[in-house]
Amino acid sequence: MNPLAPYDSRQQGWTRRDAAHLLWRTQCGASEAEVARALIEGLEKTLDRLLTPPAEDASFAETAALLRQTAGDADDIDQLKTWWLYRMTEGPSPLTEKMCLFWHNHFATSNVKVRSAKHMAAQNDLFRTHALGDFKALLAGIARDVAMLIWLDGNANRHRSPNENFARELMELFTLGVGHYSEADIREAARAFTGWHVRKDEFWFNRLQHDTGGKKVFGSSGNFDGDEVLRLCLAHDACPRFLALKLLREFVVPSPGESEIAALAASIRAHDFQMRPVLRELLGSQLFFSAAARHSLIKSPVQFVLGACRTLEVRPNLKAIARIIANLGQDLFLPPTVKGWEGGRLWITSATLFQRANFAASLTGSDTYGKLTAPVTTVTRQAELLLACDADTAPAATWYDKASGSIESRARGALHLILTMPEFQLT
Amino acid sequence: MNRRHFLTRSAGLIALGAAPPAFLSRAVAAENKDPNQRILVIVQLSGGNDGLNTVVPWADDAYHAARPSLAVKRDSALKINDHIGLHPQLSGMKELYDEGVLSIIQGVGYPHPNRSHFRSMDIWNTAQPESEFTGDGWLGRALDSNLSRFAGKVPALALGMDNLPLALVAPRTNVPTIRSIDDYQLRFSDTAASDRKLQQSLARKLADGKTGGDTGDLGFLRQSLSTAIDSAERLKEVTASYQPAAPYPKTQLASNLKTVAQLIAGELGTRIFFVSLGGFDTHARQAGSHAALLGELSGAVSAFYKDLKAHNLADRVLLATYSEFGRRLKENGSLGTDHGAASQMFIASAAAKGGLHGPHPSLTDLDDGDLKHATDFRSVYATLLDRWLRIPSAPVLGKDFAPVDFLRA
């Protein structure tokens, strides 16, 4: 059976847990009201809504613009983190921001080398423009992106001494994956990008440094320029497969099987790299709602922290959450290497588990990270809201029954325990 | 204080005739000098430490001529030999030197030195001066090359910092940064004392979860949580009874090193600790501030060493300092010094040979006004990796570097 066959919610059901599964995977967390809305609207309408970002309202747009401007003017990357986290928590399209983070990890660029909040912000805008759109356009944009050119030594790529840095990562990390190209392909491709430089903080095609000679890439010959090499990469069979693998690992299961990769790769090719219809198919598929996919991914620090905040209706203190997210291993705009964050089990060590638990203690027991506004309900309901799975919630219930203090404080203590559960680390 | 004292004081259980708890038997096992138990503590001196006013060529006229207002006076240097001595604020480290447990590697640097803070600190942290920027650190790569050896543990910790230092950035190993020891245990806010026990036992139950298979990531998470709670309890036992055997000064660095000592005694399996002392970018009026920084360094390092020694840990732990560059020979017009090149590294450990390694850089044979290096910093790293941590250095550093002979056989 085709793993991407549509999930038929009328026949197969559309429960609170199904809705929660979809929301947790497409945005970070889901409040009681959001789950209820998705439940009433049904799968199709919810998917349409998630994938069609509404316009930003004026007050949100104004605050976001101000945060972005301040970060750029002060060249303060920490400030830029709060801008992005503001967009993630308050913005009209959480899925757009999730895809921005997906592309940030895919085209991982670090301010450690770029050293410019403005350039990092511009790159982030590029991710946003194409977040749910055309991967081909995104790739063309990233090849001209100032932060990327600084990151992968664009200016060092000259006619007489080509620098292979960008060409190598283009094939290894951006489009094909190891094993689908030769060293000769990289050398030749690097020549096609010679002269793609930065001047006065802008992309500049430096004609004098561009090698117009003949090149041979993946067996085709021609006087290729950079755009033609990008087209060759996109035309390569490995490209949709490479993207399919990454999308499956982000949205569905940690270790996708061959039939799943092949099915999604075919969809990517059929939709000519348009992400919206590809995601529509993936998120509405049998595979996505299969038992194997449920609670199979370890939450990234962003998913963990924002998921807890959004679900418990906390308007977070953005500076504080930027810091805890960084401490948990996902320092935005500062990925560890050009490979991005590998994620999965590598998010988890004894120290990060304590930090997750202690974040939960502060979130539920103090205002350090923001004010908890969700109505405090029974342990069973809180557990269902946060976990949406069959988990043993006896410890939280025992706390609620046996601890001293007011109902409210005991309920908050129970919340702390729920957020500390191994089950809550999964999505 | 000897080990017996430590054990008796730390537990009191021995006196009751109970079997020693697990963490104490580990402390005993550790005494067999298993290289897997060795620990590296890095103290990063951020800003570019003025090496010439740290290890002072007090007898050199060129030194006094180049630094008419900043030179350490001939009679106030803590003399090591007829040519050089330590800054007067380094009395604690001078004691270590005299005891033969402080090695000073002189003239450490790299070819074509870069005088930008950021770039030079990146170079020291990545250990890749020539090659393209890869974004990971030398210690991070060392950890990744031994991933299986450290599985489930916290192989490295950065302490007292907001951000992970580049040296520890690894593609695969997630190195935590903690600000204090409180970050390494479950915190319960506003909980009545009577409830603490309940909460602790419930937290442990979370790791035992009854539903769902223990295969896959859920099993992994439960196992990790259970390991974490065990190690935190162990740490708590140790820290509750931990008596620093030497008084630590009331400085930030001393407090961080004291925490490191506690974590080492807690036997968490952490092999690399990273702490930082900032403020060395002394372009103006440096005499007072530089002296204070050296005083903080010296007081903290000597207390740390004495504490470890009393706990019988001094030969398992090696502390090394580095800074992104030294400073120019000539003082500038504002009673400070500008970015320079080669400088020294300190190694403190009972396993160190002690003494001076390599000649003091010449003050007359200069490279554009800067001291020339005699030892590549990657040679020191290679020694720390190969001979101390027993992690093969060539894959981490890209090639073989001749070791520096500062360790006892």
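That block above? That's the structure.
Residues numbered from 1 in each chain as written. Chains lettered and ligands numbered in written order. Predicted model: local features only at pLDDT ≥ 70, side-chain atom pairs only at ≥ 80, totals over all residues.

Caption draft 1: Region of the structure containing the overall build of chain A. In terms of helices and strands, chain A carries 23 helices and four strands. Here chain A has a C-alpha radius of gyration of 23 Å; the compact-globule value for 427 residues is 22 Å, and the two agree. Taken over the C-alpha atoms alone, chain A extends approximately 80 × 55 × 45 Å along its principal axes. The buried share among the 427 residues of chain A stands at 55%. Looking at chain A alone, contacts between residues at least 24 apart form 71% of all its contacts between residues at least 6 apart. (Helix = DSSP H or I, 4+ residues; strand = E, 2+ residues; numbered from the N terminus. Rg over C-alpha atoms; globule rule 2.2 N^0.38 Å. Buried ≥ 20, exposed ≤ 12 C-beta atoms within 10 Å, placed from the backbone. Contact = placed C-beta atoms within 7 Å.)

Caption draft 2: The sheet that holds strand 3 (residues 78-79) of chain B, seen in detail. Residues and elements named next belong to chain B. The strand order across the open sheet formed by three strands is 2-4-3, and the pairing between neighbours is antiparallel. Each edge of the open sheet carries a strand with a single partner, namely strand 2 (55-56) and strand 3. Bridge count for strand 2 against strand 4 (residues 85-86) is two bridges, and the pairing is antiparallel. Bridged to Val56 within strand 4 is Gly85. (Pairing = 2+ DSSP bridges.)

Caption draft 3: Focus on helix 9 (residues 117-129) of chain A. Its 13 residues place the ends of helix 9 of chain A 18 Å apart at the C-alpha level, agreeing with the 18 Å of an ideal helix rising 1.5 Å per residue. Those residues of helix 9 of chain A hidden inside the fold are in contact with helix 5 (58-74), helix 6 (77-90), helix 7 (94-106), helix 8 (111-114), helix 10 (135-143) and helix 11 (146-151) of chain A. (Expected span 1.5 Å × (residues − 1).)

Caption draft 4: Fine view of the nonpolar core. Counting residues in hydrophobic clusters, the biggest one holds 261 residues, and the most contacted among them are Val305 and Ile418 of chain A together with Leu40, Leu168, Phe274 and Ala348 of chain B. Residues within four places of Ala348 of chain B in sequence aside, it is in contact with Leu96, Val101, Leu102, Val301, Tyr305 and Leu319 of chain B. (Core = buried A, V, L, I, M, F, W, Y, C linked by C-beta atoms within 7 Å.)

Caption draft 5: Highlighting the pairing of strand 8 (residues 272-277) of chain B. Residue and element names in this part refer to chain B. The buried fraction of strand 8 amounts to five of the six residues, a majority that puts the element mostly inside the structure. Relative to strand 8, strand 1 (residues 39-45) runs parallel, the two sharing six bridges. Pairing of Leu45 across the sheet is with Leu277, part of strand 8. Note that strand 6 (residues 156-159) and strand 8 share three bridges and pair parallel. Residue pairing across strands places Leu157 opposite Phe273, the latter belonging to strand 8.

Purely geometric numbers; function is a separate question.
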